Amino acid sequence: MGKITLSVIKADIGSIGGHIKPSQAVIDAVAEHIRSNGPAIGIIDFYVGYTGDDIAILMSHRLGLQRSDNSVHRLAWDAFMAGTIVAKRQGLYAFGQDLLKDAFSGNIRGLGPAVAEMEIDERPNESFILFAADKTDPGAYSLPLYLAFADPMYSSGLLLSPGLQKGFDFHILDVNYAHCPKCDRFHFTDQRCNEVEAENPAGDRVITLSAPDGLYKIAALIRDTERYIIESIYARDNGLQAVAVSTTRLHNIAGKYTGKDDPVMLVRVQSSFPATGEVLAPFAIGHYVAGFMRGSHNGPLMPVKMNSPISFFDGPPIVSGLAFSVHDGEFTEPADVFDQPFWDEIRSQVSRKAVEIRRQGFFGPAMLPMSELEYGGIVHILKELDSSFQIR
Ligand code: F6R
Ligand code: MG
Ligand code: MG
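Presented here is an overview of the structure given in this document. (Residues numbered from 1 in each chain as written. Chains lettered and ligands numbered in written order. Predicted model: local features only at pLDDT ≥ 70, side-chain atom pairs only at ≥ 80, totals over all residues. Heavy atoms only, no water.)

**A few points about the site of ligand 1**
Inference 1: For ligand 1, the full set of nearby residues is His19, Tyr93, Lys135, Phe292, Met293, Arg294, Gly295, Asp314 and Tyr375.
Inference 2: Interatomic distance of 3.1 Å between a side-chain N/O atom of lysine 135 and an oxygen atom of ligand 1.
Inference 3: One nitrogen or oxygen atom from the side chain of aspartate 314 is found 2.5 Å from an oxygen atom belonging to ligand 1.
Inference 4: In isolation ligand 1 has 410 Å² of accessible area, and contact with the protein removes 78% of it.
Inference 5: The residue inventory of the shell around ligand 1, partitioned by class, reads 4 nonpolar, 2 polar and 3 charged. (Near = heavy atom within 4 Å. Polar contact = N/O pair within 3.5 Å; in protein donor to acceptor, adjacent residues only side chain to side chain. Areas by Shrake-Rupley, 256 points an atom, 1.4 Å probe, with all protein chains shown as cover. Nonpolar A, V, L, I, M, F, W, Y, C, P; charged D, E, K, R; others polar.)

**Examining the pairing of strand 2 (residues 43-51)**
Inference 1: Burial analysis of strand 2 places 7 of its 9 residues in the buried class, which makes it a mostly covered element.
Inference 2: As judged from the 8 bridges shared by strand 2 and strand 3 (residues 54-61), these two strands associate in the antiparallel manner. The partner of isoleucine 43 across the bridge, within strand 3, is histidine 61.
Inference 3: Hairpin connection between strand 2 and strand 3: a loop of 2 residues separates the two successive antiparallel strands, and glycine 52 in this loop has a positive phi of roughly 60°. (Buried < 20%, exposed > 50% of the residue type's maximum accessible area, 1.4 Å probe, protein only. Helix = DSSP H or I, 4+ residues; strand = E, 2+ residues; numbered from the N terminus. Pairing = 2+ DSSP bridges.)

**Observations regarding the coordination of the magnesium ion (ligand 2)**
Inference 1: Distances from the magnesium ion (ligand 2) to its protein donors, Asp12 (OD), His19 (ND1) and Asp53 (OD), fall within 2.0 to 2.8 Å.
Inference 2: Along the chain, the residues that donate to the magnesium ion (ligand 2) are spaced as D-x6-H-x33-D.
Inference 3: Distance-wise, the magnesium ion (ligand 3) is placed 3.7 Å from the magnesium ion (ligand 2), both being coordinated by aspartate 53. In this pair, aspartate 12 is assigned in the loop between strand 1 (3-11) and helix 1 (24-41) and aspartate 53 in the loop between strand 2 and strand 3, connecting sequence segments 41 residues apart.
Inference 4: Assessed through its relative accessible area of 1%, aspartate 12 is described here as buried. (Donors = N, O, S within 2.8 Å, 3.2 Å for Na, K, Ca; no water.)

**Here we look at the sheet that holds strand 3**
Inference 1: The sheet built from 4 strands is open, its strands ordered 2-3-1-4 with antiparallel pairing. Sheet topology places strand 2 and strand 4 (114-121) at the edges, where each strand pairs with a single neighbour. Neighbour-to-neighbour, the strand axes of this sheet turn through a mean angle of 15°, independent of strand direction.
Inference 2: Those strands touched by helix 1 are strand 2 and strand 3, and its axis lies near 165° from that of strand 2. (Axes fitted to C-alpha atoms, helices over the stretch in contact; angles between N-to-C directions. Contact = heavy atoms within 4.5 Å.)

**Overview of helix 9 (residues 341-358)**
Inference 1: In this model helix 9 runs 26 Å from its N-terminal to its C-terminal C-alpha over 18 residues, within 8% of the 26 Å that 1.5 Å per residue would give.
Inference 2: Every buried residue belonging to helix 9 is among Trp343, Ile346, Arg347, Val350, Ala354, Ile357 and Arg358, and all of these are buried. End-on, the buried residues of helix 9 take up no more than an arc of 110°, which puts them together on one face. Residues of helix 9 that are exposed and point over 90 degrees away from its buried face: Pro341 and Arg352.
Inference 3: Close packing links the buried residues of helix 9 with helix 8 (276-280), strand 13 (288-291), strand 14 (297-300) and strand 15 (302-304). (Expected span 1.5 Å × (residues − 1). Arc of directions from axis to C-beta.)

**Some details on a nonpolar patch on the surface**
Inference 1: A cluster of nonpolar side chains, Met370, Ile378, Val379, Ile381, Leu382, Leu385 and Phe389, forms an exposed patch at the surface whose accessible area comes to about 660 Å².
Inference 2: Here valine 379 lies in helix 10 (residues 377-386).
Inference 3: Accessibility expressed as a relative area gives 40% for valine 379, which makes it partly exposed. (Patch = residues over 30% accessible without salt bridge, like charges linked within 9 Å, V, L, I, M, F, W, Y side chains within 5 Å. Salt bridge = Lys/Arg side-chain N within 4 Å of Asp/Glu carboxyl O.)

**Structural notes on unusual backbone geometry**
Inference 1: The omega torsion of the bond from alanine 211 to proline 212 falls at 10°, within 30 degrees of zero and hence cis.
Inference 2: Tracing the sequence through the fold places proline 212 in the loop between strand 9 (206-211) and helix 6 (215-222).
Inference 3: Proline 316 follows glycine 315 through a cis peptide bond whose omega is -10°.
Inference 4: Along the polypeptide, proline 316 turns up in the loop between strand 15 and strand 16 (318-327).

Structure, rendered in structure tokens:
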């Protein structure tokens, strides 16, 4: 049958009454664009849904990852443009927010929308989960991925299945090494343009580490959720790709913070990969992630039902999970993995964690460090106070 590519592309192009959820008319406009124009370029099937203020477009096709014309990215870009026209007409808040550039230029990576893609040899009973998160960034997925793919305390298959026992290769990206829009070269984001070596290589800075042998090294990196992001995971037993995460950092594109990156992720499950339930298990922690109000706080990640809005303190950070079966590129309807009574109790626990950390407001770990604040207001206060300090 040849290879199938799964592409998920998501963007915030405006929402009702603040950063809450997109309108039905906008979602319909996005879906209609894909429905009308997808088949002509080779889209086999698609699904459109939302998580908080972000719309995700899931597509299957046989065009691969290295598409010379990038027709799949262009299609998604144009669909978000079509949605933005409706969002503007309806007066939705922050319409077109994630479309950072005026025109499509070859590849949607670097233009604003988040992308996760995987080219796979479709198994006869191919099963995967589409995760979409809002009010947080790609580092939010690192803990659940680590626990599901490397920790037998959470993932019993790592003990019980001979295939899974061989472990997994983690590809981890250093997102602080990026293209600089000011000097048009690649350098570390904390480096000044004029301090950069002329011969800095242009490209992503990536490392591959294996679990279980490299466990401590993986942990040492991913504890820093703002810099080192798990980008993909491969089974060592057969080399098959299990995971693809969107690793966009909007501030690297825009040169300043324009919102948290609200990542999407594809995870293949079962047989040579962890079972669906093993992948879901770590989400019961409701771990603290960066994001929440103004993208500038820490809050617990709440697993929510599909098409859930944002609420308390522009949060809490949420994640949805839709499981699909796919055959010859045709999707089943989604099975909502967090729509089950078990998760109601988890949601209550996460709400309590959210209220608890909010009690201390701006103080200490409740608010993110300076480098990660989405708004520059505090810088102005500090600048103003600077001249009033005296040396005693
Ligand atoms: C966070 C987010 C919101 C906004 C907040 C203020 O990613 O989207 O929390 O930051 O609602 O929005 P503005 O500055 O647009 O009024
Ligand atoms: Mg938003
Ligand atoms: Mg969002």
